[in-house]
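Given next are the chains, with one letter for each unit.
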Amino acid sequence: MQTMIFAIEEINKNPNLLPNITLGYQIYDSCSTPVQALRTALAVMGGQSGENSVDTQCRGTVPVLIGDGGSTLSLVVARFLGVFHVPQVSYFSSCACLSDKVEFPAFLRTMPSDFFQVDALAQLVKHFGWTWVGVVAGDDAYGQGGAQIFAEEVRKLGACVALHEIIPKNHDNTQMARIVERIQKSGTRVVLLFAVEQDAGALLREALRQNLTGIQWLASEAWITAAVLSSPQYHSILQGSMGFAIRRADIAGLKPFLLRLNPSFDPQDPFIQMFWENLFGCSLQSGDDVDSTDKPPCSGSEELASTKNIYADVTQLRISYNVYKAVYTITYALEAMATCEPGKGLLHEGACPNMSTIQPWQLLEYLKQVEFTNDFGEEMKFDENGDPVAMYDLINWQLAEDGEVAYVTVGKFDETTRDKLEIDEEAIVWRGNTKDIPLSVCSESCPPGTRKANQPNLPVCCFDCILCAAGEISNQTDAIECKQCLPEFWSNAKRDTCVPKQVEFLSYSDTMGITLMVVALVGFCCTLTVVLIFACNRNTPIVKANNSELSFLILVSLGLCFLCALPFIGEPTTLTCMLRHTAFGITFSLCISCILSKTVVVLMAFRATLPGSMVMKRFGPFQQRAMISAGTAVQVVICGVWLAVAPPTPRRLLSRESRRIILLCDEGSVLAFSLVLSYIGLLASLSLLLAFLARKLPGSFNEAKLITFSMVIFFAVWVAFVPAYVSSPGKYTTATEVFAILASSSGLLICLFFPKCYIILLKPEKNTRKHLMSNLRAASGGCQRWQDLDSTVVHKDGQVILGGMFPIHSKGVEQKLSFSNRPDKRQCRGFNLRVFRWSQAMVYFIEEINRNPALLPNIILGYRLYDTCGVEMFSLRTALSVISQPLKRNSTGVCVSPSVPLIVGDSGSTLSMAISRVLNLFKVPLVSYFASCACLSDKSKFPYFFRTIPSDVNQARALAYLVKHFGWTWVGTMGADDDYGRIGIDMFTAEVTRLGVCVAYRITIPKLPSQQQLREIVGIIRDSTAQVVVAFAIEEDIEPVVKEMVSQNVTAKQWVASEAWVTSTLISTQENFPSLSGTIGFAIRRAEIPGLKHFLQNLRPLASPYNPFVREFWETQFQCSFNTTLPAASMAEPVHYSKSCTGKERVEDTDSIYNDVSQLRVTYNMHKAVYAVAHALHNLLIDQNSTISIHSLHPWQVVQYLNTVNYTNIFGDVVHFDENGDPAGAYDIVNWQRSSSGGPVEYVTVGRFDSSLPPTQQLLLNSDSIIWHGGTGEVPKSVCSASCQHGYRKVTREGQPVCCYDCVPCAEGTITNDTDQPECTPCPDDFWSNALRDACVRKQIEFLSYTEAFGMALAATAILGAVFTLVVAAIFLRHRGTPIVRANNSELSFLLLLSLGLCFLCTLTFLGRPSPWACPLRRTSFGLSFALCLSCLLCKTLVVLMAFRATLPGNNAARWFRRPQQRMSVFVCSSLQVVLCAVWLARAPPYPIKNTWLYRDRIILECHMGSVALFCCVLGYIGCLAAFCFILAFLARKLPDNFNEAKFITFSMLIFCAVWITFIPAYVSSPGKFTVAVEIFAILASSFGVLFCIFFPKCYIIIFLPERNTKKFIMSQKGGR
């Protein structure tokens, strides 16, 4: 507001703008509400000042409105003003919707449209590669409009919106918390908050409360420079925030104008008064106007400059700058109107407006056309939508040194430029005060070899990286599709390159080819063996009776059949392709023709036994041979035509779907190949048909049975061959054909000849004529009918009858159905004492309720108890029996249905599911006491089901927590073949998998398992490495498995039991305890029910009402029979005992599960079920608002009362049903223990589980009191793989669960210091892994030192070389007057020896730790000493040449190369090297470095060259000197011996050059300290070469041949020449 006043006053003072026109203003408070904003607009249009306004003294027209501050307010005002064409220039309304000129024709703004801001934000997201961003917007036009456009823009750029949330205007805490939680769970790390300051603050306060760190916030311009949000309290979550802010400017004179504000200027200005009071905390009111507050009075002399507030802060003039631009834009429009020339105006026909009566619509036309450049260099104009040029600063929140947030400009956005977005990335500080650009993607990039596959129901940015299919590759990241390789190529293992395909055929070198070849040869050998057996026994009856000639011919053809398989193996060629199929066709035709002839012979031989038959004369040996020849000749003709017309040829099969090139034989003519096979099939069919007709002939003649069987095998093989041949890929096509040949040949050989060989070799007594003529006899059998039985019902009448269903007999008797007679009645077996106790407990509870005057007074409950035998069919029949009771007459004679409003039962989940589905049709509720399957909680499927046992959801979770608690990650599971077992194991598996546990196996126990099935089940348990077995089954189902375990003595497993059998005395017997000791599991809660034991023990077998189950119990318990006419129980087969029952036997004298009331768990559930029903009926009875009569009760009427039943029983437990009909999930953790004296098994409670508690408190265990399997207190281990120790990482085994892994040692340089780590952690740069790979240790520092053997050897060699040089120098010095020393220029020789000594000694500088002084010394001492040495040799060579030339008559050359010149030559040559070394040391001297890239496990300390070019110059100069020496010496090599030292110099230089030429590749390729060793070796080798070649021959003459060291001898050599 003050900025607007400042701008207006500044314009009024400017003589160049609107001269003689004074601008005034009226300022209104819109209170940030649409209603007040609209009221303000009405006031402006009506010319009124309004309640909350400030205006100047001079009143004039108001042709334009500046405002409002928000998009929502401007939308309301602009719609209204647009009707009257009153221009509105907004300074802070950025909603893109306001650019619609149809809806807002008079709206303009100096604030860029959100469309451009959103475009800038989208470009920012794309620039930094963020593809997974969240959007949170305010619930207003500004927020929703901007967020919507942003979402659309980023989608166009390939990014995705992870979440899109709206901040409610009431800032509801619940909604704020939900939004923050949604941000946390979304996975995005970049969130755009597009909202005004107030809405953004509400969300960020909640984010601060929840400590939402790690989010990179993108801010809209509405709050990017908000001082409130940049306060220190928000630094932890907002540091590094980034967003676009509108352009700022430093408006000259504005701050002094703001600071001059004082209430005394305009005492009537309400805004100044409120501002002053709020800023200084005082009151400007006086006298009677003073309010009741305790604020001190304001003096009016308070100074604004002394306070720090946002009002006087002009460092971020952004919105104020927009206000400033709006005022000046209107001013320039008025200026254009005032200076208008008639005929050139913007009005109709060029008219100019009248400045004394300015109309708003006239000003609007000029505003649309205004265009100027302000004092800040910014061009001001409006586009066709009334929007200005969009320019933004990119702001980054960074912490200054004083701890305050600095709004650092790190880029800009200008929509008029080509590259709209410019960013200085180096200047950005991201969240967490880092320079690393945050990563925000839904899915990581897909590497080469993979392609992107969008995840279902998720945006395109969320994808899986799918490995390219075989034969396809991708060689770039984030490939959309994989490219297919060319036909001759295939993808490599990484799927990123195409490689040539492998050529494949069935060869002798691979395993399959070798195997088939061996089988073929074995078959051929077996055939030869049979031939030998038949030949040796050719006169025996069994050989003669089977036509020995045909037998031998068949054997020959079978041998050929085995051999014809061999051409199919090997690389196909033209010859082998033709040979394969023709050999196969002809040999098999010969074989089958022989068998056909043999079959005809059998038939003819039988007919020949008939009186007067002459048939064998017409089918003698000649006719048999003719038949075989004709049958084979047809096939030969077919094969001949095949080879002549279209023979088989080799072919390369190139399939795009195969990684191999298949070499195979093409049939040539498919028709011919089919004819060959068909002809063989025709012969085989005839053989089979004739042999089948002759199968019942007398055995003495009958070989037809064997032929029939062999032909059946033959047909089976070749019928199976056709689809296998067609579908087999590659070489397996050929293998299939070979297999068919071998299998059919083997079948014929075995069926036709092996029985005969068996008789010939092992049963010679049967190889007689008498035995062959014996006859066979047949036997007969019979059938028997079964009878049917019916169900037995125990009942007692009452006014309300409760149904009860119990599996009193635990098993049904398997029934065989013939479907030709009426099925027999079903029977049951296995009288279950425990279940019988449950049924008696229900009777006891009903009678107890009937005796209770407070519960169901005047109502007698009856019951009908049924035995379901644990069989679904019986349970369904029982349920139908209950709901279809015959009609009975009541006391009035009216027929009504007996009142059975519900059923209590059944015990099993599968039975309860079956029953409940039927009862649902009749709306009959079912209250189960033992059906715990979680599936029964589905009210859509089982709306009338209730239970008093907790759902298996709780038990499965409890079992999973137990397994996880003890660290078992590899467990076996076993469940019954019913819903209880299957679904229980499913839920347990899901829970433990979520907790990181794996299931080793899953066993399903059949309801009626065979002995073989039981052995297989126990075998799986015994052989598995899982030591813990979790069993979900009822006691009747698991009992046979336990018995089989006991019989196999399987004792090394820890059992975890479900509640159905954990307290079963049927299972926890003395016999079973060795296998089940230490069993632990969850049991339902138990109770001590008073009076029940007395009731159970007072049972009488023949009491009224008659209970046939009591009679069966009595006879079973006491092993006696009743002599009575009363019917026995019909469900089980009566057992007759030798002893008679008296009925006076005492139950209390027995010890059985029936009268054992120490573990009343299921019985307690029965108590809760019966009493819950009673309380529901009682509530119905006392309900005053109900019109239901309990005497004519319908089942569905009880349901609403069961839903609401809620009572506390006598044991203190609250009984009620939740919305799913389930009780609360509470269990005792029971452990099977037995005293050391070998007493009975005790169920010791060692913990509990309560699902109503928080997750961390649900499982409570006393581990110290648990006795595990084997009687130990040590927790057993059950893991697929042992924990990976420190230094190892886990590698999941292929095709196995994640718990099965190998422990792979960490790679060098990586470690793990914790167990079971999936990845190894790399060590820092200066560290390396230790030998155990469990800690990072400092890397070993390596250099060539004096202390190691290699360094010692080199140092010793160098010192030895220096000693040799001293020895030579001493020899030369001792004999310096001798001719040989004098003749070789003793001065140069001594100088050469000195340089050689330095060469030897310079190598010592290469040894030891590199240092700043040692590195330069190495190179320079080496270069200088060798330059001196080679300079001496060069000078010496020149001396030799000059000396020879001096002997020529008249030559004075030696005069020009005397000793001074020699010294000068040596000095000059050496000086050049000195200069090079000096430049080297001055410009870039060698220096020590740590080489960490050569070896990963150690640091090599070495000397860097400093300047490689100067090092090469030093070496190059030495090389030049050596080359000159070598050339000159080579030229002088044939001079006379007395002068000629050139030969030795030539040889020494040859060694020198060889050494240094070899040095270069050796130096480059040698690693680490060996690089230095190579250089030392080169120095020593070249130095020794020069020393030995030049001086040792002279020393040899001086010491050993002194007679040659004379002038006479030397001159004689010259004379001789």
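Reading guide: rules and limits
- Per chain, residues are indexed from 1 in the order of the written sequence.
- Totals for whole chains, interfaces and linings use all residues, but because this is a predicted model, local features are given only for residues with pLDDT of at least 70 and pairs of side-chain atoms are given and counted only at 80 or more.
- Side-chain measures were taken over the full set of non-hydrogen atoms in the model, leaving aside hydrogen atoms and water.
- Each helix corresponds to a stretch of at least 4 residues labelled H or I by DSSP, and each strand to a stretch of at least 2 residues labelled E; elements are numbered beginning at the N terminus.
- Remark: exposure states derive from per-residue accessible area (1.4 Å probe, protein chains only) relative to the maximum for the residue type, with buried under 20%, exposed over 50%, and partly exposed in between.
- Whether two residues are in contact is decided by their heavy atoms, any of which lying within 4.5 Å being enough.
- Here the open area of atoms and residues is found with the Shrake-Rupley method and a 1.4 Å probe, where only the protein chains shown may cover a residue.
- Should a side-chain nitrogen of Lys or Arg be within 4 Å of a carboxyl oxygen of Asp or Glu, the pair is scored as a salt bridge.
- N or O atoms closer than or at 3.5 Å make up a polar contact, with two conditions inside protein: a donor-capable atom paired with an acceptor-capable one, and, for residues adjacent in sequence, both atoms drawn from side chains.
- When two cysteine sulfur atoms lie within 2.5 Å, the pair is treated as a disulfide.
- Patch members must show over 30% relative accessible area and no salt bridge, and they are joined within 9 Å when carrying like charges or within 5 Å when they are nonpolar side chains of Val, Leu, Ile, Met, Phe, Trp or Tyr.
- Helix axes use the C-alpha atoms of the stretch in contact, all axes being lines fitted to C-alpha atoms, and the angles between their N-to-C directions lie in the range 0 to 180 degrees.
- Angle categories are assigned with fixed cut-offs, so that under 35 degrees is roughly parallel, over 145 is roughly antiparallel, 65 to 115 is roughly perpendicular, and the rest are oblique.
- Handedness of a helix crossing follows the sense of rotation of the near helix relative to the far helix, less than a right angle counterclockwise being left-handed and clockwise being right-handed.
- Here the term charged refers only to Asp, Glu, Lys and Arg, the term nonpolar to Ala, Val, Leu, Ile, Met, Phe, Trp, Tyr, Cys and Pro, and the term polar to all other amino acids, Gly among them.
- Working definition of a nonpolar core: buried Ala, Val, Leu, Ile, Met, Phe, Trp, Tyr and Cys residues. They are joined through side-chain atoms within 4.5 Å.
- When DSSP finds two or more bridges between a pair of strands, those strands are recorded as paired.
- Each aromatic pair joins two rings of Phe, Tyr and Trp (for Trp, the six-membered one) with centres within 6.5 Å, and gets the label stacked for planes under 30 degrees apart, edge-to-face for over 60, and tilted for any other angle.
- Our definition puts a charge over a ring when NZ of Lys or CZ of Arg is within 6 Å of the ring centre and also within 35 degrees of the ring normal.
- Here the expected length of a helix is defined as 1.5 Å per residue gap, with one fewer gap than residues.

> What is the right way to look at the overall build of the protein in this model?
Broken down by element type, the protein carries 43 helices and 53 strands. Counting every position in the protein, which comprises 1617 residues, the buried fraction comes to 50%. In the protein, the proportion of contacts linking residues at least 24 apart, taken out of those at least 6 apart, comes to 68%. Accessible surface for the protein amounts to roughly 76200 Å². Of this, 58% is attributable to carbon and sulfur atoms.

> Any chance you could explain the pattern of salt bridges here in plain terms?
Between side chains of opposite charge, pairing is possible as soon as their charged atoms come close. Throughout the structure, instances matching the rule amount to 36 salt bridges. The salt bridge partner of E991 is R994, with a shortest N-O separation of 2.8 Å. Of this pair, E991 and R994 are both found in helix α27 (residues 979-994), 3 residues apart, which corresponds to roughly one turn of the helix. For R994, a relative accessible area of 55% translates into the label exposed. Taking the shortest distance from any N to any O, the salt bridge between R1248 and D1250 comes out at 3.9 Å. Each of D140, K169 and D199 takes part in a single network of salt bridges with overlapping partners.

> Looking at this structure, I do not really get the side chain of E1575. What am I missing?
Summarising the element assignment, E1575 is placed in helix α42 (residues 1569-1600). Owing to a relative accessible area of 1%, E1575 belongs among the buried residues under this scheme. A distance of 2.3 Å separates a polar atom in the side chain of E1575 from a polar atom in the side chain of R1419.

> What is the right way to look at the state of the cysteines in this model?
Summed over the entire model, instances satisfying the criterion amount to 18 disulfides. Disulfide pairing is shown between C446 and C465; the S-S distance is 2.1 Å. Across the S-S bond linking C446 and C465, the dihedral sits near -95°, which makes this disulfide left-handed. A residue pair is termed long-range when its members are at least 10 positions apart, and C446 in the loop between β15 (421-423) and β16 (450-454) and C465 in strand β17 (residues 463-467) qualify at 19 residues. Under the relative-accessibility criterion, C446 is labelled buried at 0%. There is a disulfide in this structure between C1280 and C1300, and the S-S distance comes to 2.0 Å.

> How do you make sense of a nonpolar patch on the surface when you look at a structure like this?
On the surface, F1524, I1527, F1530 and L1531 cluster together to form a nonpolar patch covering roughly 410 Å² of accessible area. Here F1524 shows up in helix α40 (residues 1508-1531). By relative accessible area, which is 49% here, F1524 ends up partly exposed.

> Help me understand the packing of helix α35 (residues 1349-1374) against α42, please; the structure alone is not making it clear to me.
Working note: a packed helix pair is described by the angle between its axes plus the distance between those axes. Orientation of α35 relative to α42, taken along the N-to-C sense of each, is 25°, at an axis distance of 10 Å. By the criterion of interaxial angle, the relationship of α35 to α42 is roughly parallel. In terms of crossing hand, the pair formed by α35 and α42 is left-handed. Of the residues assigned to the contact of α35 with α42, the class counts are 19 nonpolar, 3 polar and 1 charged.

> Honestly, the environment of Y321 in this entry has me stumped. Any pointers?
Considering the arrangement of structural elements, one finds Y321 in helix α11 (residues 319-338). Sequence-wise, Y321 and T110 are 211 residues apart; in three dimensions their C-alpha atoms are separated by 9.2 Å. If near-sequence neighbours (up to four positions away) are discounted, Y321 is found in contact with R247, R248, A249, I251, N374, F376 and E378. A distance of 2.9 Å separates a polar atom in the side chain of Y321 from a polar atom in the side chain of N374.

> Before we go on, may I ask you to explain the nonpolar core in this structure?
Among soluble globular proteins, nonpolar side chains are generally buried collectively. Counting residues in hydrophobic clusters, the biggest one holds 124 residues, and the most contacted among them are F806, F836, M842, F988, F1082, F1113 and L1177. Leave out the neighbours within four places in its chain, and F1113 touches F831, L833, F836, L1099, V1147 and Y1154. By size, the runner-up hydrophobic cluster in this structure holds 66 residues, among which are L1393, C1477, F1511 and L1521.

> Just checking my understanding: could you explain the sheet that holds strand β53 (residues 1498-1504) for this structure?
Whether parallel or antiparallel, the strands of a sheet pair through hydrogen bonds between backbone atoms. Read across the open sheet, the 3 strands follow the order β51-β53-β52; overall the sheet is mixed. The sheet is open, and its two edges are formed by β51 (1340-1342) and β52 (1487-1491), each paired on a single side. Between one strand axis and the next, the sheet turns through 30° on average, direction left out of account. Bridging between β52 and β53 involves 5 bridges; their strand directions are antiparallel. Bridging across to β53, P1488 finds its partner in C1503.

> In this structure, what is going on with the packing of aromatic side chains? I would like to understand it.
Here a ring pair, both rings aromatic, is described through the centre-centre distance and the interplanar angle of the planes. Scanning the model with the defined rule gives 53 aromatic pairs in all. Relative to F1584, the ring of F1400 lies with its centre 4.6 Å away and its plane at 65°, an arrangement referred to as edge-to-face. Taken as a pair, F1400 in helix α37 (residues 1386-1402) and F1584 in helix α42 lie far apart in primary sequence, 184 residues in all. Judged by relative accessible area, F1400 falls into the buried class, the value being 0%. A connected cluster of aromatic rings, assembled from ring pairs, spans F1364, F1400, F1584, F1588 and F1592. Sitting over the ring of F874, R877 keeps its end group 4.6 Å from the ring centre. Here K1290 stacks its cationic end above the ring of Y1301, 4.9 Å away from the centre of that ring.

> What's the story with the sheet that holds strand β3 (residues 65-66) in this structure? I'm lost.
What the 3 strands build is an open sheet, ordered β3-β4-β5; its pairing is parallel. Only two strands of the sheet have a single partner each, and these edge strands are β3 and β5 (107-109). Pairing analysis gives 2 bridges linking β3 to strand β4 (residues 88-90), with the strands arranged parallel. Along β4, the bridge assignment pairs L65 with Q88.

> It is not clear to me how the side chain of H581 should be interpreted in this structure. Could you clarify?
With respect to the helices, strands and loops of the structure, H581 is situated in helix α16 (residues 574-608). Not counting residues up to four positions away in its chain, the partners in contact with H581 are F568, W642, P648, C665, F673 and E737.

> Please clarify how helix α26 (residues 952-965) should be interpreted in this entry.
An α-helical turn contains 3.6 residues, so any two residues separated by three or four positions project in the same direction. Spanning 14 residues, α26 covers 19 Å between terminal C-alpha atoms, matching the ideal 20 Å at 1.5 Å per step. Counting buried residues in α26 gives 10 out of 14 residues, a clear majority hidden from the surface. D952, N954, Q955, A956, A958, L959, A960, Y961, L962 and V963 are the residues of α26 that are buried. Phi turns positive, to about 75°, at G967, one or two residues after α26.

> Sorry, what's going on with the environment of D979 here?
With respect to the helices and strands, the residue D979 is situated in helix α27. Judged by its relative accessible area of 15%, D979 falls in the buried class. Sequence spacing of D979 and C935 is 44 residues, and the spatial spacing of their C-alpha atoms is 8.3 Å.

> Before we go on, may I ask you to explain unusual backbone geometry in this structure?
Peptide bonds are trans in most cases, and residues, glycine excluded, mostly fall at negative phi. Between G67 and D68 the backbone carries a cis peptide bond, its omega angle lying at 0°. Along the polypeptide, D68 turns up in the loop between β3 and α3 (71-83). With omega at -10°, the peptide bond leading from G905 into D906 counts as cis. By the element assignment, D906 lies in the loop between β32 (903-904) and α25 (909-921). Although it is not a glycine, L856 sits at a positive phi angle of roughly 55°.

> Even after reading the chapter, I still don't get the environment of D1183, so can you show me in this structure?
Summarising the element assignment, D1183 is placed in the loop between α33 (1162-1182) and α34 (1195-1204). Each C-alpha atom of the pair D1183 and Y1201 lies 10.0 Å from the other, and the pair is 18 residues apart in sequence. Separated by 2.6 Å, the side chains of D1183 and Y1201 make a polar contact.

> Whenever I open this one, helix α32 (residues 1108-1118) confuses me. Can you help?
By the criterion of burial, α32 is predominantly enclosed, with 10 of the 11 residues buried. Looking only at α32, the buried set comprises P1108, F1109, V1110, R1111, E1112, F1113, W1114, E1115, Q1117 and F1118. Against the buried residues of α32 lie β25 (793-796), β27 (809-812), β28 (828-831), α23 (833-851) and β29 (861-867). With a side-chain oxygen lying 3.0 Å from the backbone nitrogen of F1109, the N-terminal cap of α32 falls on N1107.

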